[in-house]
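For reference, the chains in residue letters:
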Amino acid sequence: MLDIRLIRDTPDLVKERLATRSGDYASVVDEVLSIDTARRVAETERQKLQGDRNRISKEIGIAKKNGQDTSAIEAEVRGINERIEQIGRDADSADTRQRELLLGLPNLPHEACPVGHSAEENPEVRVWGKKPTFEFEPKDHTVLGQQLGMLDFEAGAKITGSAFVVYRGQGARLERTLINFLLDLHTTVHGYHEISPPLLVKPECLVGTGQLPKFGDQVYHSPEDNLYLIPTAEVPVTNLHRDEILKLDQLPINYAAYTPCFRREAGSAGLGTRGLIRMHQFDKVELVKITTPETSMAELESLTANAEKVLQLLGLHYRVIELCTGDIGFGSTKTYDIEVWAPGQGTYLEVSSCSTFGDYQARRMNLRYKDENGKNKVPHTLNGSGTALARLFVALVETYQQSDGSILIPEALRGHFGAEKIA
RNA sequence: GGUGAGAUGGCUGAGUGGUCGAAAGCAUAUCUUUGCUAAAGAUACGUAGCCUUACCGCUACCGAGGGUUCGAAUCCCUCUCUCACCGCCA
């Protein structure tokens, strides 16, 4: 959520920055401004009337004690109360409307975020490793997975539906190995605090991180309980501190969490994805940080480096791109995507998206911290995948496939996995 | 699911209709004093909004939402959560 004071004081700047995104928000900003003015007029009037009522009511108390007749002033207060109710309705509806509008406004792209219209204009930041070469035609992970009995898409469709998969045997073992490997790396080497959160959350949590109210159709919902299946661990983990005032010495907070993620992917059916690449349910290890505003940009770099380390240790070729203003997510102010090379696909696959949200999420979830002067300030939140599992599985299997159809297990995983290859 | 108890400021904990945003203690910060570690005293110390250059001031908030009343932390209703016991269960 944008700071209303920022919009009030510098509306043109806000519009200008929002204009670099896809989507037109200028009229929303204008509506926020006019609502804000109306709201404050009504609010001031209401508070004045409430003050009158409080004062007179006290007088009544005193007069009654002295045995005086108070029926006349009681009637006066009744009149004030009617006006409070009227003006209060205006103030409340303006307040509600203003909040609705603010929740529908995306974050301002950071000055450091490259300006551009679409994904084609995302600059490449760096490349690690080289595309592996094969003396045979590399196979797709769906072929390899089914040959080796690791992936059963028919079973997934049978018990749940399309875009669900059953991992079996060595496939299930590899998935479990990767989860342990990632969590161990981030908690032990990178120093993150491990979290294992609930997978169902209240709507407030999704408002806090930005999925609601605008993107409710992408999330699974249980109406009887009014609970949502998490689309990413970002939601429960960041909301751990919703409505809290953190102490300065608690920052930065670094959390790592493994969870399954559930996404309806409404509107993206038949986008030409094969196999594991776009599923309704997938596993992910997520990294979340809460930092002071001063350090968030540096923390974004280290967060991205922590995610990259995964691919380096697994020996997987990847590139890092920076999202331009036309392509960054709704709540993000700056984002790096990490894309791993998948030989069987002949493309790069996004396995991590590392973003800083500035104070945007913290405002939405009413998260604050006390600075060194004891003043409440709004911290910054960041998160990035470290990494998504299904696509990592794809890249791993396709990169390490052998001519005989077996899969070599990279050195870093052998201890966890307990074998050198899958055959 | 059932029964009972509870929900007040960072914590403990008073407060059952009027000057209560809320006693007291603890914790914290600053200052003063006593020649160290320590102790005593003074002051400050919730969140948000409105109005303000600022100070001041005003308003709201005692789990949440409604209601009664001139006036509610206090009375009534609904809900949520916590704890205990019972039932059920991985």
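Just so you know, these numbers come straight off a predicted model, no measurement behind them.

Calculation notes
- Residues numbered from 1 in each chain as written.
- Chains lettered and ligands numbered in written order.
- Predicted model: local features only at pLDDT ≥ 70, side-chain atom pairs only at ≥ 80, totals over all residues.
- Heavy atoms only, no water.
- Pairing = 2+ DSSP bridges.
- Helix = DSSP H or I, 4+ residues; strand = E, 2+ residues; numbered from the N terminus.
- Axes fitted to C-alpha atoms, helices over the stretch in contact; angles between N-to-C directions.
- Contact = heavy atoms within 4.5 Å.
- Near = heavy atom within 4 Å.
- Polar contact = N/O pair within 3.5 Å; in protein donor to acceptor, adjacent residues only side chain to side chain.
- Patch = residues over 30% accessible without salt bridge, like charges linked within 9 Å, V, L, I, M, F, W, Y side chains within 5 Å.
- Areas by Shrake-Rupley, 256 points an atom, 1.4 Å probe, with all protein chains shown as cover.
- Salt bridge = Lys/Arg side-chain N within 4 Å of Asp/Glu carboxyl O.
- Lys, Arg positive; Asp, Glu negative; His and termini not counted.
- Charge placed at Lys NZ, Arg CZ, Asp CG, Glu CD.
- Buried < 20%, exposed > 50% of the residue type's maximum accessible area, 1.4 Å probe, protein only.

Asker: Requested: an account of the sheet that holds strand β11 (residues 318-322), with residues and values cited.
Answerer: With mixed pairing, the eight strands of this open sheet are ordered in space as β1-β11-β12-β13-β16-β10-β9-β4. On the outer flanks of this sheet lie β1 (124-128) and β4 (193-195), each paired with one strand and no other. Recorded for the sheet is a direction-independent mean angle of 25 degrees between the axes of neighbouring strands. Set on the sheet, helix α10 (residues 296-314) makes contact with β1, β9 (253-262), β10 (281-291), β11, β12 (334-342), β13 (347-356) and β16 (380-388); between it and β16 the angle comes to about 5 degrees.

Asker: I'd love a proper account of the protein's contact with RNA strand B, names of residues and values included.
Answerer: Near RNA strand B you find 24 residues, and of these Gln47, Gln50, Val77, Arg368 and Lys370 are the closest. Backbone sugar and phosphate groups make up 68% of those atoms of RNA strand B lying within 4 Å of the protein. At 3.1 Å, a side-chain N or O of Arg5 approaches a phosphate oxygen of RNA strand B. Between Gln47 and RNA strand B, the recorded distance is 2.6 Å, taken from a side-chain N or O atom to a base nitrogen.

Asker: Outline the side chain of His141, supporting the account with residue identities and numerical values.
Answerer: Of note, His141 is situated in helix α5 (residues 141-147). Here Gln345 takes part through its side chain, which lies 3.3 Å from a polar atom of the side chain of His141. In contact with His141, other than residues within four places in its own chain, are Leu151, Arg274, Gly275, Leu276, Ile277, Gln345, Val394, Val397 and Glu398.

Asker: Please set out a negative patch on the surface residue by residue, giving values where relevant.
Answerer: A cluster of acidic residues, Glu120, Glu121, Asp327 and Glu350, forms a negative patch at the surface. Structurally, the position occupied by Glu120 is in the loop between α4 (71-103) and β1. Overall, Glu120 belongs to the exposed group, its relative accessible area being 71%.

Asker: Tell me about the pairing of β9, and name the residues and values.
Answerer: Burial within β9 is extensive, with eight of its ten residues counted as buried. Pairing of β4 with β9 involves three bridges; the strand directions are parallel. The partner of His193 across the bridge, within β9, is Tyr255. Pairing between β9 and β10: ten bridges, direction antiparallel. What sits directly across from Ala257, in β10, is Glu286.

Asker: Can you explain unusual backbone geometry? Please cite residues and give values.
Answerer: Residue Pro252 follows Leu251 across a cis peptide bond; omega there is -5 degrees. Structurally, Pro252 is set in the loop between β8 (245-246) and β9. In this structure, Asp243 takes a positive phi of about 65 degrees despite not being glycine. In this structure, Asp243 sits in the loop between α9 (234-238) and β8. Residue classification places Asp243 among the partly exposed positions, given a relative accessible area of 48%. For Asn366, which is not glycine, the phi torsion reads 55 degrees and is therefore positive. Within the secondary structure, Asn366 sits in the loop between α11 (360-364) and β14 (368-370). You can call Asn366 partly exposed: its relative accessible area is 34%.

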